[in-house]
Structures are given as structure tokens and as C-alpha cells.
Amino acid sequence: MAKKPFFQFSIIPLILSLFVFFLTFGHLKATPPEPRMQIENFISRMQLDSATILLEEVKRPGYKAFYETNILIYKYFSTQNIDYIREVRKDWDKNIEALEGLPDTDSLKFVMLSEVQCKKAVVEFLDKNYLTAVRHARLGRNHIKESQKLFPKNISQNKILGTFNVAFGGVPSKYKWITQTLGFHGDVNEGIAQLERAAESGTIFSTEALIILFFVEKNMLNLSKEPIQRLENYRKEKGASIMVDYFLASGYQSLKKNDQALEILKNRDRYIGNGVFFSSYWDYSLGKAHYFKGENEEAKKYLSRFIKNHKGDLYRTDALFRLGMALTFTNNYALGKHFFSLVTKEESSGFDEDEYAKYMSGEFARQQPDTNLLALFHARNLYDGGYFDQALGILNKLETSKNTLNEDEVTELYYRLGRVYQSLAKWDLSRSYYQKTIEASPETQTWMQAYSYYFLAEMAKSDQDYTIAREFYQKALSFDDYFYQAGLENRCKIALSDIKKK
């Protein structure tokens, strides 16, 4: 499979993920307790209209502005409906003025200012106003620095300081200009420590830090059980809600436990109505879950709903591509080609998943994928869902007829076998196939070479062979201009930093 250059930005997806529900639990300890607790409860359950109504009981203009701004941004992050951006912008100056009107003796003033500026940065980035986004991020950084100066022991600021540190601690080299512009370089280990302190403090809504830690451990540190267990424990203590269920399902999907994700996502109707502000991302995740399992009719149903109802471009390209693939898998390439062609004419979000989907859509719009390529895709989907034995059955069959595969397909076959055997803890076999991937990879498959080195490094690290691990991480970092590059660079740099301590 060939590739071509594209714009990647790993930091913003992480920040978006961190801030989509960043204020679920609020920060308003200084407000009167009765409306504050009720508002936080409504927001945590995505009952945003009820939260808005209750804002009338919040007397201090700065705090009211804080809630109003975040509820609107929250709605935008859940739907990408540009109408919410317009509302945020319309009242932005007024609300910032209200926040700035709080006395400097209020220990949450600059924390709240920092958080709304950071979320505004994400909003502007998603609207492709990149310089404006950097300006807001810089303002957010300045406000939290002011908070540190005035209240050095204020635990509540640890959450945003930790977020800055983990978000910018592993920036790929091509995006170093961003950290230089902000005057902040980040430190992942320090960020994690700050988030842990916030989560363990028991004050100023430590649950918020818990959610951020979930993303850091799952997406950047590649941990498995710890972040999921924390959310499971919280769910048992506080009860199910759309927010916790959505994150928990996404966690299970990332761990390739698709059946467990499906058990949660199938409860979709529980969150339709009852005053809950439903997010179209739920249908995207549910569609993917069925797609991974090969349940293509159900996948088409929910991916179509996402495409119809989602107002922005984030993951739209990926959803259209998967819909085209689901149709192709069910012997309807003619209609699938329609969606592949549609993708090629649309502007992509620039995120990794969408850019890969855009490229592959172009390939499949030009030529129908052959039987071997469809089998490789089916094996990949099963692997992504955690159905390792089924995936292995397909791959083993392909290997017996390897002479019918072209160069790109052989490379992907080796890579997929390496991934499956690694997940099955058959590391010797996994290593051998990763090595075959590296040796067989044509220039068109650079990303598989880079990732093969990364996974070889991960296994060496687990074996405490840090010399070999360091060598493989550095080899992975030596590649450039490939699919999913920014995310891999983050993980390699964090891993190398960890090895230094060994």
C-alpha cells in the first residue's frame, strides 16, 4: 500500500480527548454548594439543558460565565456543530471580562481562565484557525503560571499543569515550534505525577484528574489494566452515565476487548432522551465495534447514523471509509465505491485515522480490492477487535498461498502475523515476523517498518533488555513521513525517557 505525505497532529487529538469532558465535574468550590453540586451532577450525566437552567442560581458573574462557556464548548466537542462555536465567540469577550473581574484573591480565578482559554484553543484548532489556537493556548499557559505564582500550593492547578506536561512532553520534532511558541516544553513524568497528586487529593474534584490519567495511561503509556480498572471502580461507586460508559467502551476497544465494548455501547437507547445531550461519537464507536466483529449490516447502520448526524469532519472520513468497506465486504462494491469516491472529494480533518482512510479510499475508488487484500483487511479488523484466533486463521491461510500476493500484501501479511503473535504472547514468532516485515518492506510500507521496530523495542523492554530496546526505539524514530507517525514518535520518546531511569 503506497502512501503520501499528509498533515498529522498528535497533540491536538490528545488534548481534544482530554478536554472533551474536562469540566465534567466543575471547579467551583467557591460557589454556593447547593447549585454547584447539582450543576456538576447534571454536567457529569450530560444533562446540559438542566445544568443551564440551574445556572440562574449562580450569583457570581465570573463563575456563571465559566459554566456557560464550558457547557457550550462541551456541546461543540460532542457534535462539532459550528453553531456552538458561534455562540462561544459571540459571548467570549463578555465572559472573559466576567472571569477577569473576580478578585485575584480567588484561588480559582486563574485556573478557570486557563482552562477556558485552553479549550478555546482546541475549538479554534478544530475550525482550522491554527494561529488563533496557539494564541489561546499561550494565554492559557500564562494564566496557569500566574496561578502558580499567587497560589503555589493550590492543588486544583495540578490538573491543568499535568495536562500541559503530558500533552507537550512527547512532541514530535516537526512540531517543536509549537512548544517554543508557548514557552513550554513539557515533561510527561512530571505531568503524570501532577495528575496523580490531583487525583489522590480528594479535593477540588479529583475525579477530573482521574479521567485525564485514563487517557494518558491508555494512549501515551500504552498501559492496559490500570486505567480501565479506575473507570470500572468509579462506575461502581457513582453509577453508569453516558460519559463514563463512552470512555470505558473506548478503553476496551483500545485494549482489543471488543465484546466488552459492545456490551456497553449496545446500551445506546439508555442515553436517548431523559434530558441527556447525546453525542454522535457514540454511534461512530458502536459502528466500529460491529465492523471489527464482521457484523457489517449493523456496522452500516450506526456508521450511517454518525455520518448523517455529525456536524463536523472529525472521523467523518474514517466513518465513510469503513462504511464503504462494510458494503464491499457484503458484495456491494458498487455502492462502496460511491463512498470511497466521496471521501476523495472531501476535506479531511487531518487526524491520523482520517488521513489513512482518505488515502485508502483513493486506492479503492480507483480499483476494487482483490480477494487477498480484502482478507488482509478482514484479518486486521478481527485483530483490532481482539478476535486473535480468527484473524490468525485467515493469515495462516494467506501465508500458504503467499505466491499469489504482491509485494505490499506480503509485507502486510508479515506485519499482521507479528501483531497477532505478540498479542498471543508468542514473542519468538512475533519477532521473526517483524524482522521479515522490516526486510520485505518496500518504500511504500515505511509505516510498517517503523512500527515493527517499535514493537520489537516494546518486547525487549519487557524482557529488561534495555540496550536492545533503546536501539529499536531509535531506529523507529529514524523514519519520517509515514502513516501514524506523530503518535509513534510520542510513544518512542516517552519510552526512551523511561529507560534512562533504569
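Fair warning: this is a prediction, and the values are worked out from it, not measured in the lab. (Residues numbered from 1 in each chain as written. Predicted model: local features only at pLDDT ≥ 70, side-chain atom pairs only at ≥ 80, totals over all residues. Heavy atoms only, no water.)

Along the chain, the regular secondary structure elements total 26 helices and 0 strands. Evaluated residue by residue, the chain yields a buried proportion of 60% over its 502 residues. Put simply, 65% of the contacts in the chain that link residues at least 6 apart link residues at least 24 apart. When the accessible surface of the chain is summed, it comes to about 20,500 Å², and 49% of that surface belongs to carbon and sulfur atoms. (Helix = DSSP H or I, 4+ residues; strand = E, 2+ residues; numbered from the N terminus. Buried < 20%, exposed > 50% of the residue type's maximum accessible area, 1.4 Å probe, protein only. Contact = heavy atoms within 4.5 Å. Areas by Shrake-Rupley, 256 points an atom, 1.4 Å probe, with all protein chains shown as cover.)

A separate point is unusual backbone geometry. Here the phi dihedral of Met-46 falls at roughly 60°; this positive angle occurs in a residue that is not glycine. The phi angle at Gln-80 is positive, at roughly 60°, despite the residue not being glycine. Under the relative-accessibility criterion, Gln-80 is labelled buried at 5%.

The next thing to look at is the packing of aromatic side chains. Taken as a whole and assessed by the stated rule, the structure comprises 36 aromatic pairs. On the numbers, 6.2 Å between centres and 65° between planes, the contact of Tyr-84 with Phe-277 is edge-to-face. In this pair, Tyr-84 sits in helix α5 (residues 82-100) while Phe-277 sits in the loop between α14 (258-265) and α15 (281-292), placing the two residues 193 residues apart along the sequence. Relative accessible area serves as the criterion here: at 17%, Tyr-84 is assigned to the buried category. Each ring, one from Tyr-434 and one from Phe-455, has its centre 5.9 Å from the other, and the planes form 15°; the classification is stacked. Within this pair, whereas Tyr-434 is found in helix α23 (residues 427-440), its partner Phe-455 is found in helix α24 (residues 446-462), the two being separated by 21 residues in sequence. Overall, the relative accessible area of 8% leaves Phe-455 in the buried class. (Phe/Tyr/Trp six-rings, centres within 6.5 Å; stacked < 30°, edge-to-face > 60°.)

Moving on: the packing of helix α16 (residues 296-309) against helix α17 (residues 316-329). When two helices pack together, their arrangement is captured by the angle between the axes and the distance separating the axes. Two elements in contact, α16 and α17, have axes whose closest approach is 9 Å; the angle formed by their N-to-C orientations is 150°. Judged by the inter-axis angle, α16 sits roughly antiparallel to α17. Crossing angle aside, the handedness with which α16 passes α17 is left-handed. Contacts between α16 and α17 pair Asn-296, Lys-300, Leu-303, Ser-304, Phe-306 and Ile-307 from the former with Arg-316, Ala-319, Leu-320, Arg-322, Leu-323, Ala-326, Leu-327 and Phe-329 from the latter. In terms of residue class, the contact of α16 with α17 is built from 9 nonpolar, 2 polar and 3 charged. (Axes fitted to C-alpha atoms, helices over the stretch in contact; angles between N-to-C directions. Parallel < 35°, antiparallel > 145°, perpendicular 65-115°, else oblique. Left-handed = near helix turned anticlockwise from the far one by under 90°. Nonpolar A, V, L, I, M, F, W, Y, C, P; charged D, E, K, R; others polar.)

Let us now look at the confidence of the model for the chain. Overall, the prediction assigns the chain a mean pLDDT of 85, with 86% of residues at 70 or greater. Predicted confidence for residues 1-32 stays below pLDDT 50, and this span has 133 contacts to residues more than four positions away or in other chains. (pLDDT = per-residue confidence, 0-100.)

Turning to the environment of Ile-39, a few remarks are in order. Mapped onto the elements of the fold, Ile-39 is located in helix α2 (residues 33-44). Residue Ile-39 is classed as buried on the basis of its relative accessible area, which comes to 0%. C-alpha separation for the pair Ile-39 and Leu-55, spaced 16 residues apart in sequence, amounts to 7.5 Å. If we skip the residues at most four places from it in the chain, Ile-39 touches Ala-51, Leu-54, Leu-55, Val-58 and Tyr-67.

What follows deals with α23. Over its 14 residues, α23 runs 20 Å from end to end, which matches the ideal 20 Å to within 8%, given 1.5 Å per residue. Taken as a whole, α23 has its buried residues at Ser-430, Tyr-433, Tyr-434, Thr-437 and Ile-438. The buried residues of α23 occupy one face: seen down the axis, they fall within an arc of 145°. Opposite its buried face, α23 presents the exposed residues Asp-428 and Glu-439, each directed more than 90 degrees away. Turning to α23, the residues buried within the fold contact α21 (388-400), α22 (407-423) and α24. (Expected span 1.5 Å × (residues − 1). Arc of directions from axis to C-beta.)

Inspection of the secondary structure assignment puts Glu-124 in helix α6 (residues 109-126). Take Glu-124: its relative accessible area is 4%, and that puts it in the buried class.

Looking at the secondary structure, you find Asp-354 in helix α19 (residues 352-366). It is Arg-322 that comes nearest to the buried, bridge-free Asp-354 among opposite-charge side chains, at 8.1 Å. In this structure the side chain of Asp-354 is engaged in a polar contact, spanning 2.8 Å, whose partner is the backbone nitrogen of Tyr-315. Apart from the residues lying within four places of it in its own chain, the contact partners of Asp-354 are Asp-313, Leu-314, Tyr-315, Arg-316, Thr-317, Asp-318, Ser-348 and Ser-349. (Lys, Arg positive; Asp, Glu negative; His and termini not counted. Salt bridge = Lys/Arg side-chain N within 4 Å of Asp/Glu carboxyl O. Polar contact = N/O pair within 3.5 Å; in protein donor to acceptor, adjacent residues only side chain to side chain.)

So, on to helix α8 (residues 158-168). Along an α-helix, residues three or four apart share an orientation, since each turn contains 3.6 residues. Burial analysis of α8 places 11 of its 11 residues in the buried class, the great majority of the element. Restricting attention to buried positions, one finds in α8 the residues Asn-158, Lys-159, Ile-160, Leu-161, Gly-162, Thr-163, Phe-164, Asn-165, Val-166, Ala-167 and Phe-168.

Moving on to the pattern of salt bridges. A side chain with one charge may pair with a side chain of the opposite charge, provided their charged atoms come close. In this structure the tally under the stated criterion is 28 salt bridges. Residue Asp-283 pairs with Arg-268 through a salt bridge whose shortest N-O separation is 2.5 Å. Of this pair, Asp-283 sits in helix α15 while Arg-268 sits in the loop between α14 and α15, placing them 15 residues apart in sequence. The same class applies to Asp-283 as to Arg-268, namely buried. Between Asp-498 and Lys-461 there is a salt bridge, with the nearest N and O atoms lying 3.2 Å from each other. Placement of Asp-498 in helix α26 (residues 485-499) and of Lys-461 in helix α24 is noted, with a sequence separation of 37 residues between them. The class for Lys-461 is partly exposed, based on a relative accessible area of 23%. Members of the salt-bridge network, linked through shared partners, are Arg-89, Lys-120, Glu-124 and Asp-127.

Relative to the assigned elements, Gly-312 resides in the loop between α16 and α17. What Gly-312 contacts, discounting residues up to four positions off in sequence, is Thr-79 and Gln-80.

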